Amino acid sequence: MLDIIKSIEAEQIKKDITEFNVGDTIRIDVRIKEGTKERIQAFEGTVIKIQNGGIRKTFTVRRVAYGTGVERTFPMNSPMLAAIKVVRRGKTRRAKLYYLRDRVGKAAKVKELIR
């Protein structure tokens, strides 16, 4: 039974996903439906967590809009994601960056990873 479920899930996993890690600043193009029309809206922010695996893999992105922190969780394999682009690589020592919620201004920044 588990083999059948795994084979069905394997077919639905996206292959063309850009690799990114926690701390990276990414721009996600999200498809938004408004009635019969569909448009693409960009959401740019810092990845604060990546969890689960396989078809259920999700990631949470945080940005500050007009002085208010906004977090959004996206399923990695969702058809609503048009594109993911890494704007800047971040240097982190943690897997989950929840501490950024309490910080404001420069203190809320993640250092850039220089390769």
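Just above, that's the structure.
These figures come from a predicted structure and were not determined experimentally.

Here we look at the overall build of the chain
(1) Moving on: Counting its secondary structure elements, the chain contains one helix and five strands.
(2) Moving on: For the C-alpha atoms alone, the extent of the chain along its principal axes is close to 50 × 40 × 25 Å.
(3) Moving on: Counting every position in the chain, which comprises 115 residues, the buried fraction comes to 30%.
(4) Moving on: In the form shown here, the chain has an accessible surface area of approximately 8300 Å², with 51% of it arising from carbon and sulfur atoms.

Notes on the pattern of salt bridges
(1) Moving on: Applying the stated rule across the entire model yields eight salt bridges.
(2) Moving on: Note that Glu34 and Arg39 form a salt bridge whose closest N and O atoms lie 3.1 Å from each other.
(3) Moving on: Judged by relative accessible area, which is 45%, Glu34 ranks as partly exposed.
(4) Moving on: Of the charged contacts, one joins Arg101 and Glu71 as a salt bridge, the two residues approaching to 2.8 Å between their closest N and O atoms. Note that Arg101 is positioned in the segment after β5 (81–88) and Glu71 in strand β4 (residues 68–75), a separation of 30 residues in sequence.
(5) Moving on: With a relative accessible area of 40%, Arg101 lands in the partly exposed category.
(6) Moving on: Within this structure, Arg62, Glu71 and Arg101 form a network of salt bridges that share partners.

Quick word on the pairing of strand β1 (residues 25–34)
(1) Moving on: Direction of pairing for β1 relative to strand β2 (residues 37–51): antiparallel, over a ladder of ten bridges. Counted as the bridge partner of Glu34 is Lys37 from β2.
(2) Moving on: Sheet analysis places β1 next to β5, joined by six bridges and oriented antiparallel. In the sheet register, Ile28 faces β5, and the bridge partner there is Ile84.

Re the layout of surface pockets
Unfilled space is identified by rolling a water-sized probe across the atoms.
(1) Moving on: When its volume is computed, the largest pocket comes out at roughly 420 Å³.
(2) Moving on: Lining the largest pocket we find 19 residues, and of these Thr46, Arg63, Val64, Ala108 and Lys109 sit closest to its centre.
(3) Moving on: Going through the elements one at a time, β2, β3 (58–65) and β4 are the ones with two or more residues in the lining of the largest pocket.
(4) Moving on: Its boundaries defined by the atoms lining it, the second largest pocket holds a volume of some 280 Å³.
(5) Moving on: As for the second largest pocket, its lining consists of Lys91, Thr92, Arg93, Arg94, Leu97, Tyr99, Leu100, Arg103, Ala107, Lys109, Val110 and Lys111.
(6) Moving on: Considering only residue class, the lining of the second largest pocket consists of five nonpolar, one polar and six charged.

Parameters at a glance
Residues numbered from 1 in each chain as written. Predicted model: local features only at pLDDT ≥ 70, side-chain atom pairs only at ≥ 80, totals over all residues. Heavy atoms only, no water. Helix = DSSP H or I, 4+ residues; strand = E, 2+ residues; numbered from the N terminus. Buried < 20%, exposed > 50% of the residue type's maximum accessible area, 1.4 Å probe, protein only. Areas by Shrake-Rupley, 256 points an atom, 1.4 Å probe, with all protein chains shown as cover. Salt bridge = Lys/Arg side-chain N within 4 Å of Asp/Glu carboxyl O. Pairing = 2+ DSSP bridges. 1 Å grid on protein atoms, 1.4 Å probe; cavity = no way out; pocket = protein on both sides within 12 Å on 5 of 7 lines; lining within 4 Å. Points joined across faces, edges and corners; volume = space filled by probe spheres on them. Nonpolar A, V, L, I, M, F, W, Y, C, P; charged D, E, K, R; others polar.

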